[in-house]
Amino acid sequence: MPLRGSGTIKARRIGLSCSWFLSSPSSRSRLLIRPQFKMVLPHHTPYVTPHILHKNYAQAADFEQHSNLIGRDLDYFSQAGFDMDRIQIKRNAAPAQLYEDAIRNEGAIISSSGALINFSGKKTGRSPKDKRIVYEETSKDDIWWGSVNIKMDEHTFEINRERAIDYLNTRDNVYVFDGFAGWDPKYRIKVRVICARAYHALFMHNMLIRPTEEQLKDFGEPDFIIYNAGQFPANRFTKGMSSTTSVEINFKRMEMVILGTEYAGEMKKGVFSVMHYLQPVKFGQLSLHSSANVGKENNDVTLFFGLSGTGKTTLSADPNRLLIGDDEHVWSDTGVFNIEGGCYAKCINLSAEKEPDIYNAIKFGSILENVVYSPSSRQPDYDDISITENTRCAYPIEYIPNAQIPCIVDRQPSNIIMLTCDAFGVLPPVSRLTPEQASYHFLAGYTSKTPGTEDGVLEPIPTFSTCYSAPFIVLHPGRYAEMLAERMAKHNVNCWLINTGWTGGKFGSGKRCPLKYTRRIVDAVHSGELAKAEYENFGAFNLSIPTSLEGVPRELLNPSLAWKDKEAFNKELRKLAGMFQKAFALYQNDVEPKVREAGPQI
């Protein structure tokens, strides 16, 4: 009796059936006197096993939603080679559903701020050497063939496309996201992403423009399709393959195939490459690798040109201005519009103090990519680069409080800021460019690739990326440069060269220009203060640099004053000037003499 009494009391205390509580046969036999006893107090809610509720409610609703949405497109998927009897297609799934799948199937976790943390595997940056463009009759005469746009034959593309679809057919879930590229309805395209990872679907949900329910119902045939089978390698022995990674675009089929890399940025830049082709060729508009914002009071528009790591995202996120977009834009006949529906910000050394808008955008719905976190608190560590220096966050642009929604302005730009990250530490933090110098530096596109932005980049590498966009442009650089010069002349646009790189020495001995000074310079551009400043000539580069600017040290404005070792400074100056001349030789026969002469002279 004492045993039965003590067991009953303990069972009552935790609300369990007595027949289940004790495990030994002898104890269980004595407790079967009241086998159905269960203590539930009036204020308690009966316990329901979560997965049963989910299976009978949420999953059923999910299936019905996706089935209804995809109904009219089933023929397309069947004809494309998808096994519709086996796979479950989830089209435009809500972020919460993608969270669940990524956590359940991909090892993702939820950060302390609510963002999804996931990982891209071996590849933590783009693979430009594995990018291919299909050589076919509809586009071959427009493409700038060479080391950037490497030829692939149509048959190899078909093999890789089939390989991608075969892999997707082995997955239980295939994710589809239908969205738009381009905020101006006159110039936008419809994009369909087909992938096997919930993380990739959520990434493109953030990066493309999200359609309304009505737009989704009437979406129709997409203009461009991405088949992302990045978990599966390309066959190295297939003709034209240089590795197990392949990122390829076919402009005749308007399709992209990804094999051998799970880095989400390949999809984003694939869409950008397509827009770099379509906007000039089909629509007659200028596509640009730039961020853009607009003043709250004067409605003045500024374009920020620059490669990854130069500060486009950071500097365009200005509390005194509205953000149009952080990376990809079109300068149209009527104004400026963003290509994307979200931002893809670098997270290295991110802090609430330095970049509050970006920091606060990392919440539910955002994706933290390859970011290290505390296993106990799930707190991201933005200073930890043990996985990669190219840690990223993708979030919808409406997560930025100052975003201009819709991301379009019917107004021509007033200022262009060309951003560079000079690893040699010799370019001034700000220079005012003449129209000829603007054309020269746009074609030269000098910067330093910073660690992590591309696979294998471990320290800053000086590079000349024409139009500040070489990895993504499709046409000859001269076509973009000519369109830019025409628009700048027509609308009387000011142009500035701003160096966010090193000062007082080159990489390894100097330090990177403090962000607070760069922000002060940008503010002076917008206020008109720099346009009224006094200028002096800067050496071999023949640049006009301000002699003073309130809030910025004099020695910072003129790099020759910031270097203690003057001989070392002059050596690096001559070295960089020679690099400019060598790089620009590729374009010098295609430009006017006054543009050629606008570069450094040694």
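Preceding block: the structure.
Since this is a predicted model, take the numbers as computed values, not measurements.

Caption draft 1: Here's a closer look at the packing of aromatic side chains. The full count for this structure, using the stated rule, is 24 aromatic pairs. Each ring, one from F77 and one from F82, has its centre 5.5 Å from the other, and the planes form 65°; the classification is edge-to-face. A centroid spacing of 5.2 Å and a plane angle of 40° characterise the contact between Y446 and F464, whose relative ring orientation is tilted. Linking Y446 in strand β22 (residues 446-449) with F464 in strand β23 (residues 461-464), this pair joins segments that are 18 residues apart in sequence. Taken together through their ring pairs, the aromatic side chains of Y440, Y446, F464, F541, F580, F584 and Y587 make up a single cluster. Its guanidinium or amino end placed over the ring of F219, K190 lies 5.6 Å from that ring's centre, counting from NZ or CZ. When the ring centre of Y344 is taken as origin, the NZ or CZ atom of R392, which lies over that ring, is 4.8 Å away.

Caption draft 2: Region of interest: unusual backbone geometry. Looking along the chain, the bond that leaves I405 and enters P406 is cis, with omega of -5°. You can see P406 is positioned in the loop between β18 (392-396) and β19 (408-409). Located in the positive-phi region is N370, a residue other than glycine, with phi close to 60°. Within the secondary structure, N370 is located in the loop between β17 (367-369) and β18. Not every positive phi belongs to a glycine, and R378 is a case in point at roughly 60°. In this structure, R378 sits in the loop between β17 and β18. Residue classification places R378 among the partly exposed residues on the basis of a relative accessible area of 33%.

Caption draft 3: View of the pairing of strand β7 (residues 189-195). β7 sits mainly inside the fold: 6 of its 7 residues count as buried. Where strand β6 (residues 173-181) meets β7, 7 bridges bridge the pair, whose relative direction is antiparallel. Each bridged residue has a counterpart across the sheet, and for A181 the counterpart in β7 is I189. One ladder, built from 5 bridges, connects β7 with strand β8 (residues 224-229); its direction is parallel. When the bridges of β8 are listed, V191 appears paired with F224.

Caption draft 4: Highlighting helix α18 (residues 566-584). Here α18 contains 19 residues, and its C-alpha end-to-end distance of 27 Å stays within 8% of the 27 Å for a straight helix at 1.5 Å per residue. Those residues of α18 hidden inside the fold are in contact with α13 (435-444), β22, β23, β27 (535-538), α17 (559-562) and α19 (593-596). The N-cap of α18, judged by a side-chain oxygen 3.3 Å from the amide nitrogen of E567 a few residues on, is D565.

Caption draft 5: Focus on the side chain of S316. In this fold, S316 is placed in helix α11 (residues 312-316). A residue is classified by how much of its surface remains accessible, and S316, at 0% relative accessible area, is buried. A polar atom in the side chain of S316 sits 3.2 Å from the backbone oxygen of T313. Aside from chain neighbours lying at most four places away, what touches S316 is S291, A292, N293, F304, G311, L323, G325 and D326.

Caption draft 6: Representation of the packing of helix α8 (residues 198-207) against helix α10 (residues 265-283). One way to put it is that α8 packs onto α10 with a least axis distance of 10 Å and a crossing angle of 40°. Comparing the axis directions of α8 and α10 gives the class oblique. Between α8 and α10 lies a crossing of right-handed hand. Contact residues: α8 offers H200, F203, M204 and M207, while α10 offers G265, M267, K268 and V271. Here the contact of α8 with α10 is composed, by residue class, of 5 nonpolar, 2 polar and 1 charged.

Conventions and cut-offs
- Residues numbered from 1 in each chain as written.
- Predicted model: local features only at pLDDT ≥ 70, side-chain atom pairs only at ≥ 80, totals over all residues.
- Heavy atoms only, no water.
- Phe/Tyr/Trp six-rings, centres within 6.5 Å; stacked < 30°, edge-to-face > 60°.
- Helix = DSSP H or I, 4+ residues; strand = E, 2+ residues; numbered from the N terminus.
- Lys NZ or Arg CZ within 6 Å of the ring centre and 35° of its normal.
- Buried < 20%, exposed > 50% of the residue type's maximum accessible area, 1.4 Å probe, protein only.
- Pairing = 2+ DSSP bridges.
- Expected span 1.5 Å × (residues − 1).
- Contact = heavy atoms within 4.5 Å.
- Polar contact = N/O pair within 3.5 Å; in protein donor to acceptor, adjacent residues only side chain to side chain.
- Axes fitted to C-alpha atoms, helices over the stretch in contact; angles between N-to-C directions.
- Parallel < 35°, antiparallel > 145°, perpendicular 65-115°, else oblique.
- Left-handed = near helix turned anticlockwise from the far one by under 90°.
- Nonpolar A, V, L, I, M, F, W, Y, C, P; charged D, E, K, R; others polar.

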